[in-house]
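The lines below spell out each chain.
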Amino acid sequence: MVLRELEEEKAIDLAIDTAIYDYLAKKHKVYADVQVTDIAYCPRKAYYEKKHGKREYTSNWSIFTGILLHDVLLKAMAEYLKADAEVLTVELFEFSCGKVKLYAMCDLLTDNYIVELKTTSYLPEAPRYNHLLQLEAYLRLFDREYGYLVYIERHYGNRVIFKHRRDEQLYQTLLMRLEDFAYSLKHDKAPSIREYSLCKLGKSVCPYYDICRNEP
């Protein structure tokens, strides 16, 4: 009887892990060769993912609850703000290394502004740089003058909202990253830009850590 109960408990536990794993796998949006998030976050990680394939998903509870909360809020906010949710667009850029299509999917698009929703374990005192780059790209590709970064704490629901207007310096940084990434894909060479905050945490946050650290 005890053995049977243990087996049933293990089966239930495995079912929970499988449900989380499957949900995260489905929510991993790869809708184009080059996405805004590829260049706004860590171009090297994005490059290795395209070259070596997506590494195993994990049943990470924190990521699961964050994405689930994000999806629930996004649907309700879209209705309240009379906005379109998860809108996709594409723009063609031309550099010396060739042409590249950059795809973008913003969270909420209204007639006047864009909203990017971020769930987090703690609220930042200022917008995070890679999120600003991401929102800057969306402002350009969706032709809006300003937008909002909304951070929501996963555990308690506290929130902070930052308004961001177009910034030419940020946009030029974005273009530089895009050109570097396009060159990397064409010549099969790791991008020169990487997110060092991820490197400090090693394998716990980046499955390509061992590959990346052995390349210049």
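Rules and cut-offs
- Residues numbered from 1 in each chain as written.
- Predicted model: local features only at pLDDT ≥ 70, side-chain atom pairs only at ≥ 80, totals over all residues.
- Heavy atoms only, no water.
- Helix = DSSP H or I, 4+ residues; strand = E, 2+ residues; numbered from the N terminus.
- Contact = heavy atoms within 4.5 Å.
- Salt bridge = Lys/Arg side-chain N within 4 Å of Asp/Glu carboxyl O.
- Buried < 20%, exposed > 50% of the residue type's maximum accessible area, 1.4 Å probe, protein only.

**Q** Just checking my understanding: could you explain the environment of Thr 173 for this structure?
**A** Examined against the element boundaries, Thr 173 turns out to sit in helix 6 (residues 168-187). Separated by 134 residues in the primary sequence, Thr 173 and Ile 39 have C-alpha atoms spaced 10.0 Å apart. Ignoring sequence-local partners within four residues, the contact set of Thr 173 consists of Tyr 129 and Leu 133.

**Q** Would you explain the pattern of salt bridges in this entry?
**A** Two side chains bearing opposite charge may form a pair once their charged atoms approach each other closely. Here the structure, examined in full by the defined rule, presents seven salt bridges. We note a salt bridge from Glu 168 to Arg 140, for which the minimum N-O separation is 3.4 Å. Within this pair, whereas Glu 168 is found in helix 6, its partner Arg 140 is found in helix 5 (residues 129-141), the two being separated by 28 residues in sequence. For Glu 168, a relative accessible area of 45% gives the class partly exposed. Of the residues examined, Arg 140 reaches a relative accessible area of 18% and is grouped as buried. The salt bridge partner of Glu 145 is Arg 166, with a shortest N-O separation of 3.9 Å. One end of the pair, Glu 145, is in the loop between helix 5 and strand 4 (146-153); the other, Arg 166, is in the loop between strand 5 (159-165) and helix 6, and 21 residues separate them in sequence. Residue class for Arg 166 comes out partly exposed when judged on its relative accessible area of 27%.

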